Amino acid sequence: MMRDDPQIIALVARASSGDQVAWNELVERYAPLVWSICLRYQQLSRQDIDDVGQSVWLLLVENIGKLREPAALPGWLATTTQRECIRVLRAAARHHDHGSLPSPDEMPADPDAVAIDNDVLAAERDAAIRAALAELPRGCRDLLLMLVSDPPRSYADISAALNMRVGSIGPTRARCLERMRRSPHLAAIIDSPSWGISVEHARGDRGE
Amino acid sequence: MNERWEHEPDAPGQGDDAVLPVPSDDVLLAALRQAVDARRAVPPEFVHAAKEAFAWHNIDTELAQLTFDSSRAADRLASTRSEAASIRALTFTSARLTIELEVTAESLIGQVIPTQTATIELHTPSGVADVIASDEIGCFSVQPIPSGTFRLRCRALGGIDVLTSWITL
């Protein structure tokens, strides 16, 4: 289990009391989770996904003050997103044939529960890493973002863009990653089993 | 555990955390790449709509919860409502007001109970889409049937102001 992340608990408390900035931060953190779960329901159109997203966040607005375990918000979002995906698919099936239940082969394939659990763990880790990145000094942030850019950029390219000697990129990279490792955002996830699982997950089925 | 973890038992300033494994530079960078990619994959308008939803926070109105939905099998079995002509029937209940809705082929028809004249607002996530006056016995009709997510706000004499939970037909 994930250790209770005090950052999430604080954001939920602030959003519950009406703080739009805290709400935006929660959205920034977890919109990728809602999005990735929707993509697992392959029958959903892009419009359907927007409808699901809208319902999920509206439900969170209504329930944010009543969450029994604010730290479990990612799990709550995952469950709610799955339920809304299924609801939208059922509604689409009903429109084709008023009243009757969709036949079994029209019913949504239920994504693997383990896959969804991994989505939650990956989302928590990704969010913590992005939060840690955002608090690094500008120079570190720019360098690290270039190092993970897609398509990859050469050291010569990075050197020119950041006005930094090629020879100092390696040591600066190490120093910036070390700062990141010490971030309080990572403290909540650094000893979590999600770390190993999710990196495997990232290299495995995320790339498909 | 696995070879990706480095141990830094002698690193200064770590206190009790000194025994914890930490990810190597390569693992951390790979995780950073995934975190950045996952965020980039989400369309901006999807994120924007999520932020906008907060406009609904703490609306100072009595909420009416869905207490009956004919599309739920358990409700259908227990139903005492006549719904021969309707595709779907819904009931929203709050302390002071009940709102009954029926979806027919062309429109969404409703009634507030206790019966009285009321003003009905049709709300969508982007704002008020329509304002409808009921008749003296609280009956009203919404046309066309809302295509996306919506909710109804009913106002009547005596300060009655009730908002249903979100509905998608």
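Residues numbered from 1 in each chain as written. Chains lettered and ligands numbered in written order. Predicted model: local features only at pLDDT ≥ 70, side-chain atom pairs only at ≥ 80, totals over all residues.

Visitor: What am I meant to see in the overall build of chain B here?
Guide: When you go through chain B residue by residue, the secondary structure sums to three helices and 11 strands. For chain B, the succession of helices and strands along the chain, N to C, is β-β-α-α-β-α-β-β-β-β-β-β-β-β. Sorting the 169 residues of chain B into buried and exposed places 23% on the buried side. In chain B, once contacts between residues fewer than 6 apart in sequence are set aside, the share between residues at least 24 apart is 47%. (Helix = DSSP H or I, 4+ residues; strand = E, 2+ residues; numbered from the N terminus. Buried ≥ 20, exposed ≤ 12 C-beta atoms within 10 Å, placed from the backbone. Contact = placed C-beta atoms within 7 Å.)

Visitor: Please explain the overall build of chain A as it appears in this structure.
Guide: Counting its regular elements, chain A contains 10 helices and zero strands. Starting at the N terminus and walking to the C terminus, you meet the elements of chain A as α-α-α-α-α-α-α-α-α-α. Buried residues in chain A amount to 35% of all 208 residues. Counted over contacts in chain A with a minimum sequence separation of 6, partners at least 24 positions apart contribute 74%.

Visitor: Mind showing me how you'd approach helix α8 (residues 166-181) of chain A here?
Guide: Along an α-helix, residues three or four apart share an orientation, since each turn contains 3.6 residues. An ideal rise of 1.5 Å per residue puts 22 Å on 16 residues; α8 of chain A measures up with 24 Å between its terminal C-alpha atoms. By the burial criterion, the buried members of α8 of chain A are Cys176, Leu177 and Met180 of chain A. (Expected span 1.5 Å × (residues − 1).)

Visitor: Honestly, the interface of chain B and chain A in this entry has me stumped. Any pointers?
Guide: Many descriptions give the size of an interface as the accessible area lost when the pieces come together. Counting residues at the interface gives 37 residues for chain B and 40 residues for chain A. Only β2 (22-23), α1 (25-40) and α2 (44-52) of chain B provide two or more residues apiece to the side of chain B that touches chain A. Here the side of chain B that touches chain A is composed, by residue class, of 24 nonpolar, seven polar and six charged. (Nonpolar A, V, L, I, M, F, W, Y, C, P; charged D, E, K, R; others polar.)

Visitor: Help me understand the confidence of the model for chain A, please; the structure alone is not making it clear to me.
Guide: Note that predicted coordinates carrying low pLDDT should not be read in detail. Across chain A, pLDDT averages 84, with 81% of residues at or above 70. Note that residues 197-208 of chain A has pLDDT below 50 and, in this model, 16 contacts with residues that lie over four places away or in other chains. (pLDDT = per-residue confidence, 0-100.)

Visitor: Please explain the nonpolar core as it appears in this structure.
Guide: In summary, soluble globular proteins display a tendency toward joint burial of nonpolar side chains. Of all hydrophobic cores here, the largest spans 59 residues; its most connected members are Tyr30, Ala31, Leu33, Val34, Cys38, Leu77 and Ala128 of chain A. Looking at this core element by element, the count peaks at 11 residues for helix α5 (residues 113-134) of chain A. If we skip the residues at most four places from it in the chain, Cys38 of chain A touches Leu44, Ile49, Val52, Thr81 and Cys85 of chain A. By size, the runner-up hydrophobic cluster in this structure holds 16 residues, among which are Ala64, Phe92, Leu97 and Ile99 of chain B. (Core = buried A, V, L, I, M, F, W, Y, C linked by C-beta atoms within 7 Å.)

Visitor: Just checking my understanding: could you explain the environment of Arg14 of chain A for this structure?
Guide: Residue and element names in this part refer to chain A. Tracing the backbone shows Arg14 in helix α1 (residues 6-16). Classification of Arg14 by C-beta neighbours within 10 Å gives partly exposed; the count is 16. Sequence separation between Arg14 and Gly75 is 61 residues, and the spatial gap between their C-alpha atoms is 19 Å. Those residues in contact with Arg14 that lie beyond four places of it in its chain are Asp19 and Ala22.

Visitor: Explain the environment of Tyr30 of chain A here, please?
Guide: All names here are of chain A. The topology assignment puts Tyr30 in helix α2 (residues 20-40). For the pair Tyr30 and Thr80, spaced 50 residues apart in sequence, the C-alpha separation works out to 13 Å. Discounting residues that sit within four places of it in the chain, Tyr30 has contacts with Pro74, Leu77, Ala123 and Ala127.

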